[in-house]
Amino acid sequence: QVHLVESGGGLVQAGDSLRLSCAASGRTFSGYVMGWFRQAPGKERELVATITWSGRNTDYADSVKDRFTISRDNAENTVYLQMNSLKPEDTAVYYCVARLGVRGGPLPQRYDYWGQGTQVTVSS
């Protein structure tokens, strides 16, 4: 079993930056694709970004390209989401996810492990 714990959410103003962290424990971090989903009130969960174990391959939702950056530190079993130029529409609960094996794509059910989520609120 893999346990994921997010941190770093909060209330910020439009244009600000925020960095989310996800700490993994319970099993080896090796081989896991990591990512972030988010869910805003009244909307479906959407995949924000993913990163492969090697860190060589990343994918982003069109809405966050050039603003968000996903990275990982395998030695510390941690994945990050650097969020710049935040907009009110980025307001959501952000979930850290993990999948063992190949890339899982945008469907939530393809990801085996989920954190509890951290709230990000961006005011105008």
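Rules and cut-offs
Each chain carries its own residue numbering, running from 1 in the direction its sequence is written. Reporting of local features is limited, given that this is a predicted model, to residues whose pLDDT is at least 70; pairs of side-chain atoms are given and counted only at 80 or more, and all residues count toward the totals for whole chains, interfaces and linings. Hydrogens and water are ignored here; the side-chain numbers use all heavy atoms of the structure. At least two bridges found by DSSP between two strands are what make those strands a pair. Going along the chain from the N terminus, every DSSP run of H or I of four or more residues is numbered as a helix, and every run of E of two or more is numbered as a strand. Every angle, taken between N-to-C directions, lies between 0 and 180 degrees, and every axis is a line fitted to C-alpha atoms, over only the stretch in contact when it is a helix. Residue burial is assigned from relative accessible area. The probe radius is 1.4 Å, only protein chains are included, and a residue is buried under 20% of its type maximum, exposed over 50%, and partly exposed in between. Whenever a nitrogen or oxygen atom comes within 3.5 Å of another N or O atom, the pair is scored as a polar contact, on the condition that within protein one atom can donate a hydrogen and the other can accept it, and that pairs from neighbouring residues in sequence are kept only if both atoms are in side chains. Contacts are assigned to residue pairs with any non-hydrogen atoms lying within 4.5 Å of each other.

Chemist: Would you mind showing me how to read the sheet that holds strand S7 (residues 68–73) here?
Modeler: Sheet strands associate in pairs through backbone hydrogen bonding, adopting either a parallel or an antiparallel arrangement. Taking strand neighbours across the sheet as the criterion, the four strands line up as S1-S3-S8-S7 in an open arrangement whose pairing is antiparallel. Because the sheet does not close on itself, it has two edges, and the strands there are strand S1 (3–7) and S7. When strand polarity is set aside, the average angle formed by the axes of neighbouring strands in this sheet is 15°.

Chemist: Is there a simple way to think about the side chain of threonine 118 in this case?
Modeler: With respect to the helices, strands and loops of the structure, threonine 118 is situated in strand S11 (residues 118–123). Residue classification places threonine 118 among the buried residues on the basis of a relative accessible area of 11%. Looking at threonine 118, its side chain comes within polar contact range of the main-chain nitrogen of glycine 9, at 3.3 Å. Residue contacts for threonine 118: discarding those within four places in its chain leaves Glu6, Ser7, Gly8, Gly9, Leu20, Ala92, Val93 and Tyr94.

Chemist: How should unusual backbone geometry be read in this particular structure?
Modeler: One non-glycine residue, aspartate 66, lies in positive phi territory at about 75°. By secondary structure assignment, the location of aspartate 66 is in the loop between strand S6 (58–60) and S7. The exposure class of aspartate 66 is exposed, given its relative accessible area of 84%. At serine 85, a position not held by glycine, the phi torsion is positive, near 50°. With respect to the element layout, serine 85 can be found in the loop between strand S8 (78–83) and strand S9 (92–100).

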